[in-house]
Amino acid sequence: MDITIDDDQRLLRDTALAFAQKALTPARIRELETTEHGFDAKVWRQMAEMGWVGAVFPEQYGGSGAGLLELALIVEALGQAAVPSPIYSTVVEAGLLLLDAGSPAQRENYLPRIAAGDAIMTTAITEPGGGLAPGEIRTSIKPAGNGFTVNGTKLFVRDAGAAEGIICLGRSGDGENDLTLVIVPRDAPGLKLRRLQAAGGEALWEAIFDNMTVDADAIVGEPGGAWPHVARLQLRGAALKSAELVGIGQASLDLTLSYSKTRIQFERPIGSFQGVQHHCAEMYRDLEVSRLLAWQAAASLGEGLAGDRETAIAKAKTSEAMPAVTRTAHQVHGAIAYYRDYPLELYYHRAIAAQAAYGDAGHHRRALARLLREDLGRFRGDSPHDLPVHYV
Amino acid sequence: MELKLTVDEAAFRTEVRHFLKRELTPEVWQAHRDLNEQGMWTPDFTKAFRRKLGAAGYIGMGWPKEYGGGGRSRVYQAIFWDEMEYHRAPGLDRSITYVPNAIMALGSEAQKADLLPKMSLGELSWFVGYSEPDAGSDLASLKTRAVEDGDHFVITGQKSFSSDAHMADYGWIATRTDPTSSKHRGLSMFIVDMTLPGVTVTKYPTLAGWTHHAVHFDQVRVPRSMMVGELHQGWKVVMGAIDFERAALSGAGLVGYQFDRLLAWCMQDREGAGRKLDDPLVQDELVRLAIEAEGARLMSYWLASLHAKGFKPQHETSLALLVKRETARRLDVAGLELLGPFAPLRTGSPWAALEGEVEVEYRDHLYFQFAAGGFDITRNVVATRGLGLPR
Ligand SMILES: Cc1cc2nc3c(=O)[nH]c(=O)nc-3n(C[C@H](O)[C@H](O)[C@H](O)COP(=O)(O)OP(=O)(O)OC[C@H]3O[C@@H](n4cnc5c(N)ncnc54)[C@H](O)[C@@H]3O)c2cc1C
């Protein structure tokens, strides 16, 4: 057993962080929040050149075959520097979904271009119901002529405006899990996009599919067989958002520490007041626990283990604890950080968005409660101990 | 990152578990358990059991080979501590954890040669004499005096809150040797044979049921060879030893056991009331506790992994202990709530739930909050030593 990252992983994290912290000024990050696509294309290209966009794809597609833990370290660094990028839409969602479920032709077509930073892709899954259960999917994908027609409304579609294509989840039959995925070109007739104005750095969109037609070869995976792939995507997203939340927490703590060492009140640095010190110690405590939980989630998914329990634990914890860290950070800063030109606000906003993404804390606690009821062995993390039932 | 135990580590875990199950049968529990003792085991049984741990090679397994140890990595030690805590086995205390480690790191060659072989066989019991009536968290203000007299030091003073002093062969005693220099500079550490003339032990009952002690030293003559480290350098020894103490206390098994015990209770079909587990609020509580327990487990093995890879974690040790003990306290509180009207029923009472252990631990673990790595002091340490905030 080894609950640490190795030297290569440490180097990757340090390099990614050093890059991310220099890539954009806080002013530029704020400016990007007001643009249509929300990210800086030059920075995305640089990330591709560093090999981070393609990292998780096999070498045959221009990647380096890295694991999900490596991607988590990259995402943690991006979160810590508040750098917006289409890494969730393009890599975590569409790219790995295509690797998971796509046909050889689809993989050949998209993955090398994704890895090179040339193609932005995304997925459209969540609907106005707002949940992540298969039963909520109302969008229909019906056979028509040689292909299909798609009808429905999707929300929270990441980077739709910049994407070359959108992989859309729809209902293709009556069973609860009778769901199918199709790739839709973004400029296809019958697709209407509207940008949502949201906290945090991601560009989220509404996508309305209005009698849009696609060819038969637009299907990703087996017709009716989409759900296991989508469930896997949701877990992946949750594990990586946990890592991003850790980056957000780390940045908030770092800002707080340097501020409390230099801000003088009552003739002393405020960091010498015990109340402030205990706030900082609490932030640090939750940060380190969250970090280990996030790494564990990414590592277990990356190793092809079920990872459902580990991911739910990580996202439930980080979704509560890291926004709390940003609140405490503001407590220690006082008024100065209430102003937009102080960088802490970036993290306050990003925490709002990240805790909500791929299931909030309640969603993941509910998932754990389901394991508790239905699969006690998994709930207990394959614990080696028999339950001490001798008492009862 | 390797989330699973290696084949060899897993085999070791199984071996320890089988050892503990074989040794701690229900009959043994019945015969040697006494809630008036710390760890719920009688002193005689604790000592005998410690020798068995020694004979099985568990005590010294993580020590360097030069001190008769097994040279196994800290991950093995963490597994051992985990299993010992989970099975609530006796003897996992300073006598086999941090005192030997401190002697190895800070003791003289003669002390090592004399004491370590015996300690690896579990033959010695220790108490730690830091606290005094006027020196708690502010340990460096201690007053017990050691006065140089030829090749001896004469110790006079009082130690308080001395766990297990009644069964100790030796004391690990912090004293003041130079009252003229500043607080931290004039201290020296001694190993004191408890059979020496002038040592007396008095008893105090604790609210947890077990007996605690104070130890009085009245002109006790201790040979200079029993000083640990250099004269007046005792503070360094104390700080070094405290790191070992916190590491040894941070095992994952206690929290794991507390959680599993509550889970077992909630799964029981209670006459007329069904299973607690079927209540959604109870599920949410168990899930929240499981999340915290998993964090504590990872912190414990993270610490062991850092050691195994040759890092020297310091404030991380305090942090891991804080996480573990805060989680243990949450589980104590949750236990009271989940047991409902059965919570106050004491061990031995008709209808006691979980043999009354939740109520005992709710009282016993109270000391987690303020003793040896207490919550507020640990936050101070983490903020200043770990995060570099000004004092
Ligand atoms: C069960 C048990 C076993 C023990 N075993 C041993 C033993 O074997 N050997 C031994 O030497 N001692 C032992 N102790 C004593 C233990 O080490 C002390 O409890 C500890 O050092 C704290 O001292 P105190 O209890 O006198 O509290 P005090 O130091 O008087 O503190 C009281 C309260 O004030 C807080 N406080 C004090 N200073 C600060 C500060 N600077 N910042 C913030 N808060 C502060 C503390 O956190 C605590 O909440 C034991 C205690 C208990 C309860």
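Quick caveat: nothing in here was measured; it's all calculated off a predicted structure. (Residues numbered from 1 in each chain as written. Chains lettered and ligands numbered in written order. Predicted model: local features only at pLDDT ≥ 70, side-chain atom pairs only at ≥ 80, totals over all residues. Heavy atoms only, no water.)

Asker: Give me the overall build of chain A: which residues, what numbers.
Answerer: When its secondary structure is counted, chain A shows 12 helices and 10 strands. Expected size for 392 residues packed as a compact globule is a radius of gyration near 21 Å; at 22 Å, chain A falls within 12% of this value. Seen through its C-alpha atoms, chain A measures out along the principal axes to roughly 80 × 65 × 40 Å. Evaluated residue by residue, chain A yields a buried proportion of 59% over its 392 residues. Partitioning the contacts of chain A with sequence separation of at least 6, the portion at a separation of at least 24 is 74%. Averaging the positions of the 38 positive and the 48 negative side-chain charges in chain A gives two centres separated by 6 Å. (Helix = DSSP H or I, 4+ residues; strand = E, 2+ residues; numbered from the N terminus. Rg over C-alpha atoms; globule rule 2.2 N^0.38 Å. Buried < 20%, exposed > 50% of the residue type's maximum accessible area, 1.4 Å probe, protein only. Contact = heavy atoms within 4.5 Å. Lys, Arg positive; Asp, Glu negative; His and termini not counted. Charge placed at Lys NZ, Arg CZ, Asp CG, Glu CD.)

Asker: Go over the site of the ligand, please, and point to the residues and values.
Answerer: What surrounds the ligand is a group of 17 residues, the closest being Gln274 of chain A together with Val128, Ser131, Ser137 and Phe161 of chain B. Nearby residues around the ligand are contributed by chains A and B. The contact in question runs from an oxygen atom of the ligand to an N or O atom on the backbone of Tyr130 of chain B, over 2.9 Å. At 2.6 Å from an oxygen atom of the ligand is found a side-chain nitrogen or oxygen belonging to Ser137 of chain B. (Near = heavy atom within 4 Å. Polar contact = N/O pair within 3.5 Å; in protein donor to acceptor, adjacent residues only side chain to side chain.)

Asker: Would you mind going over the pattern of salt bridges in detail, with residue names and values included?
Answerer: Scanning the entire structure with this criterion turns up 61 salt bridges over all chains. Lys159 of chain B is the partner of Glu132 of chain B in a salt bridge, and the nearest nitrogen-oxygen pair spans 2.8 Å. With Glu132 of chain B in the loop between strand 1 (126-129) and strand 2 (145-149) and Lys159 of chain B in strand 3 (residues 152-159), the pair connects residues that are 27 residues apart, well separated along the chain. Exposure remark for Glu132 of chain B: the relative accessible area of 5% places this residue in the buried category. What emerges from the salt-bridge pattern is a single network uniting Glu282, Arg285, Asp286 and Lys317 of chain A together with Glu292, Glu326, Asp376 and Arg379 of chain B. (Salt bridge = Lys/Arg side-chain N within 4 Å of Asp/Glu carboxyl O.)

Asker: Could you give an account of the interface of chain B and chain A, with specific residues and numbers?
Answerer: Contact residues are listed per partner, giving 65 residues for chain B and 56 residues for chain A. For the pair chain B and chain A, the two sides together bury roughly 5400 Å², of which 65% comes from carbon and sulfur. Of all residues in chain B, the largest losses of buried area upon contact with chain A belong to Met1, Leu3 and Leu387 of chain B, amounting jointly to 15% of the total for that side. Taken together, the links from chain B to chain A amount to nine salt bridges. The residue Glu294 of chain B makes a salt bridge to Arg309 of chain A at a minimum N-O spacing of 3.0 Å. Looking at the side of chain B that touches chain A, the elements that each hand over two or more residues are helix 1 (7-23), helix 4 (74-86), helix 8 (253-267), helix 9 (280-308), helix 10 (315-339) and helix 12 (375-386) of chain B. For the side of chain B that touches chain A, the element with the highest residue contribution is helix 9 of chain B, accounting for 17 residues. Among the residues making up the side of chain B that touches chain A, the classes are represented as 31 nonpolar, 11 polar and 23 charged. (Buried area = accessible area lost by both parts, 1.4 Å probe. Nonpolar A, V, L, I, M, F, W, Y, C, P; charged D, E, K, R; others polar.)

Asker: Lay out helix 6 (residues 104-115) of chain A with the relevant residues and their values.
Answerer: Residues and elements named next belong to chain A. Compared with an ideal rise of 1.5 Å per residue, which puts 12 residues at 16 Å, helix 6 spans 16 Å between its outermost C-alpha atoms and is within 8% of the ideal. Residues Gln106, Tyr110, Leu111, Ile114 and Ala115 constitute the buried set of helix 6. Down the axis of helix 6, the smallest arc covering the buried residues is 120 degrees, so these residues share one side. Of the exposed residues in helix 6, the ones pointing more than 90 degrees away from its buried face are Pro104 and Ala105. In this fold, the buried residues of helix 6 make contact with helix 3 (41-49), helix 5 (87-101), strand 1 (121-124), strand 5 (179-185) and strand 8 (219-220). One or two residues past the end of helix 6 sits Gly117, with phi positive at roughly 85 degrees. (Expected span 1.5 Å × (residues − 1). Arc of directions from axis to C-beta.)

Asker: Pulling in residues and values, what's your account of the domain arrangement of chain A?
Answerer: Residues and elements named next belong to chain A. By domain assignment, chain A separates into domain 1 (7-119), domain 2 (123-225) and domain 3 (228-379). Placing the centre of domain 1 and that of domain 3 at their C-alpha centroids yields a distance of 21 Å. On the side of domain 3, 30 residues touch domain 1, which itself brings 24 residues to the contact. Taken together, the two surfaces of domain 1 and domain 3 that pack against each other cover about 2300 Å², and 62% of this comes from carbon and sulfur. Sorting the residues of domain 1 by area buried against domain 3 places Arg30, Leu68 and Tyr88 first, and these three jointly supply 26% of that buried surface. For the interface between domain 1 and domain 3, the tally reads four salt bridges. Of the charged contacts, one joins Glu33 and Arg350 as a salt bridge, the two residues approaching to 3.1 Å between their closest N and O atoms. Inspection of the region where domain 1 meets domain 3 yields 13 residue pairs in polar contact (both at pLDDT 80 or more). Elements with a minimum of two residues in the side of domain 1 that touches domain 3: helix 2 (26-32), helix 4 (68-81) and helix 5. Considering only residue class, the side of domain 1 that touches domain 3 consists of 16 nonpolar, two polar and six charged. (Domains from an automatic or database assignment.)

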